[in-house]
Amino acid sequence: MRAVILSFIFLVFPALAQDQLTAKAWLENMSQALHQKQFKLSVIQLQADEIRPIIYMHGVVDDTEVAFLEHLNGPKKNAVRVANTVTYLEHGQQAYSIRAKRIPGVLPEALAGNIDELEAGYQFVLGGRTRLAGRVGQMIRFMPRDDYRYEAAVWVDMETYLPLRYDVVTQDNKLLEQVLAIELFTFDEPPSLIEDAYKQPWPAAMSPSERQDGQNWQFDWLPAGFKVIVRDYHRLFNSSQAVEYVALTDGLSNISVYVARKGDTSLPEELITRNGIAMVTRDVGKQVEVVAIGKVPKAALERIAEGIKLK
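Conventions and cut-offs
- Residues numbered from 1 in each chain as written.
- Predicted model: local features only at pLDDT ≥ 70, side-chain atom pairs only at ≥ 80, totals over all residues.
- Heavy atoms only, no water.
- Helix = DSSP H or I, 4+ residues; strand = E, 2+ residues; numbered from the N terminus.
- Buried < 20%, exposed > 50% of the residue type's maximum accessible area, 1.4 Å probe, protein only.
- Contact = heavy atoms within 4.5 Å.
- Areas by Shrake-Rupley, 256 points an atom, 1.4 Å probe, with all protein chains shown as cover.
- Phe/Tyr/Trp six-rings, centres within 6.5 Å; stacked < 30°, edge-to-face > 60°.

Enquirer: Describe the overall build of the chain, naming the residues involved and giving the relevant values.
Expert: When helices and strands are counted, the chain shows 5 helices and 19 strands. Counting over 311 residues, the chain shows a buried share of 44%. At a minimum sequence separation of 6, the contacts of the chain that also span at least 24 residues come to 48%. Accessible surface, the chain: about 16,900 Å² in total, of which carbon and sulfur atoms supply 49%.

Here it is as structure tokens:
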């Protein structure tokens, strides 16, 4: 009888039901909403001194997810996702497609993924509620379990469970990055732009780069929750020399590692910080140098760079 009464109360007063949700349950509802909802989200992305207004649209057509992203400032820079294929439409370049589950560059892919995978590196903590884009958002904090990543927070719309704001802050509480919604609209049916994007004959996805002469670099140590998502062997911009490239992520934070023979390429020699991105260079033996780059504390980059070995 008690369960029936509680179910009736939560049905009549949904806010009471939300008060019973754990931080993880909020995140799981958000992940589900990002896959299932038809919506248009206008955001401002702040990174150091850069401000980028962006429009992101999402819908489901014939059981297939379709998304569209548009940068409103500067040269044309759009992207379309149909299922797991993302096509880039940029000024002065031929359209091309890659395999990807989300359009990168706005919100971390993990917010629409399996929330369980974030628990190795973060604790989920409920924060307060605030008004954003004319809506009420519930704050959930991602508290690092170690000193090798930064704290983050997301504000989830109490009506739709879609994200209204995402912040990354440093260990001394400085804002490193913010994505802030200024408008959010939801629809019962997919917007016409989404339906049109679904029908377009986009270019086929490019094959992954072949690692010619690539070598098997391994890590003695990675922060908990970090894993390798890309291994590549390619040439640096404006250089005829190729380097090994490894991409790491814990779902929220990303790290890039480059490995090159000394003298083949001109790589940085000092730790620098620009737009919140740290860079560390380390020698591996007498012939090889490693550069680790990421929006994480430098201690993480130092340990990663020092622990890479050829196996």
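Enquirer: Outline the packing of aromatic side chains, supporting the account with residue identities and numerical values.
Expert: This model, assessed by the stated rule, comprises 7 aromatic pairs. Ring geometry for Tyr122 against Phe142: centres 6.1 Å apart, planes inclined by 80°, an arrangement best described as edge-to-face. With a gap of 20 residues between them, Tyr122 in strand 7 (residues 122–132) and Phe142 in strand 8 (residues 135–144) connect regions that are remote in the sequence. Of the two residues examined, Tyr122 and Phe142, each falls in the buried class. Taking the centre distance of 5.8 Å and the plane angle of 85° together, the rings of Phe124 and Phe142 count as edge-to-face. One end of the pair, Phe124, is in strand 7; the other, Phe142, is in strand 8, and 18 residues separate them in sequence.

Enquirer: Which residues make up the side chain of Thr170, and what values go with them?
Expert: Assignment of secondary structure puts Thr170 in the loop between strand 10 (163–169) and strand 11 (175–187). When residues no more than four places from it in sequence are discounted, the contact partners of Thr170 are Tyr150 and Leu176.

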